[in-house]
Amino acid sequence: VQLQASGGGLVQAGDSLRLSCAASGLIFRNYAMGWFRQAPGKEREFVAAIRRTGHITYNRDSVKGRFTISRDNNQNTVYLQMNSLEPEDTAVYYCTADERLIMSSLSVAAHWDYWGQGTLVTVSS
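Residues numbered from 1 in each chain as written. Predicted model: local features only at pLDDT ≥ 70, side-chain atom pairs only at ≥ 80, totals over all residues. Heavy atoms only, no water.

S.K.: Quick rundown of the side chain of Thr77? Include the residues and the values.
M.R.: For Thr77, the location among the structural elements is in strand E8 (residues 77-82). Reaching out from Thr77, the side chain makes a polar contact with the backbone oxygen of Gln75 at a distance of 2.8 Å. Among residues more than four places away in sequence, those in contact with Thr77 are Ser20, Cys21, Ala22, Phe28, Ser70, Arg71 and Asp72. (Helix = DSSP H or I, 4+ residues; strand = E, 2+ residues; numbered from the N terminus. Polar contact = N/O pair within 3.5 Å; in protein donor to acceptor, adjacent residues only side chain to side chain. Contact = heavy atoms within 4.5 Å.)

Shown next, in the form of C-alpha cells:
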C-alpha cells in the first residue's frame, strides 16, 4: 500500500492550500481516509476523516469551517482543502487509511492502518 501526499508548501496567514493523497495497492473505496498532522515538538493529531462513500466527514474543532476533506473514488485520491490558514496550522500533514473506521478511535493514530510519507505545510504570519 502506498499513500502519496502532495500539495504542501510555504504560504502566508489567510492563504489557502489543497493537499492531495493518491492511494495505490488497496481497494480505495473500501477504506475510510484521513489526515493527521504533526507540528515540531508536538504529538501527531487528528485533522479530518471521511468515510468510504464520502458522505460523512469529521473534523477537529480548530479546523471546522476552514478545512474540508473530500475524496474521489474513481481517482483513488483524497483531498484536504485548507482555507484561512493560520500559523498554528504549520505541520507535516499525513494521509492515512483505515478499513474499519470506529468513531471512538477516530483520533487515535495507532488505530489507522496505513500512512503516507507526509507533506510539509508552513504558514507564516
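There's plenty left to go through after this.
S.K.: Describe the sheet that holds strand E1 (residues 2-6), with residues and values.
M.R.: Ordered in space as E1-E3-E8-E7, the 4 strands form an open sheet in which the pairing is antiparallel. Each edge of the open sheet carries a strand with a single partner, namely E1 and strand E7 (67-72). Neighbour-to-neighbour, the strand axes of this sheet turn through a mean angle of 15 degrees, independent of strand direction. (Pairing = 2+ DSSP bridges. Axes fitted to C-alpha atoms, helices over the stretch in contact; angles between N-to-C directions.)

S.K.: Quick rundown of the environment of Gln75? Include the residues and the values.
M.R.: With respect to the helices, strands and loops of the structure, Gln75 is situated in the loop between E7 and E8. Classification of Gln75 by relative accessible area gives exposed; the value is 53%. Between the C-alpha atom of Gln75 and that of Thr57, which follows or precedes it by 18 residues, the distance is 19 Å. (Buried < 20%, exposed > 50% of the residue type's maximum accessible area, 1.4 Å probe, protein only.)

S.K.: Any details on the state of the cysteines? Residues and values, ideally.
M.R.: Applying the stated criterion to the full structure yields 1 disulfide. Linked covalently through their sulfurs, Cys21 and Cys95 form a disulfide whose S-S length is 2.1 Å. An S-S torsion of about -80 degrees defines the bridge between Cys21 and Cys95 as left-handed. A residue pair is termed long-range when its members are at least 10 positions apart, and Cys21 in strand E3 (residues 17-24) and Cys95 in strand E9 (residues 91-98) qualify at 74 residues. For Cys21, a relative accessible area of 0% translates into the label buried. Owing to a relative accessible area of 0%, Cys95 belongs among the buried residues under this scheme. (Disulfide = S-S within 2.5 Å.)

S.K.: Describe unusual backbone geometry, listing the residues and the values that go with them.
M.R.: Here the phi dihedral of Asn76 falls at roughly 55 degrees; this positive angle occurs in a residue that is not glycine. Here Asn76 lies in the loop between E7 and E8.

S.K.: Kindly report on the environment of Asn30, identifying the contributing residues and their values.
M.R.: Tracing the backbone through its elements, the reader meets Asn30 in the loop between E3 and strand E4 (32-38). In sequence terms Asn30 and Ser125 are 95 residues apart; their C-alpha atoms lie 40 Å from each other. What Asn30 contacts, discounting residues up to four positions off in sequence, is Arg52 and Glu99.

S.K.: Help me get a handle on the nonpolar core, residues and values and all.
M.R.: Counting residues in hydrophobic clusters, the biggest one holds 29 residues, and the most contacted among them are Met33, Trp35, Val78, Leu80, Met82 and Tyr93. Counting only elements with at least two residues in this core, the list comes to E1, E3, E4, strand E5 (45-50), E7, E8, E9 and strand E11 (119-124). Leave out the neighbours within four places in its chain, and Met33 touches Leu3, Phe28, Ala48, Ala49, Ile50, Ile69, Arg71, Val78, Cys95, Thr96, Ala97 and Trp112. In this structure, Ala32, Tyr58, Leu106 and Trp112 belong to the second largest nonpolar core, which totals 8 residues. (Core = buried A, V, L, I, M, F, W, Y, C linked by side-chain atoms within 4.5 Å.)

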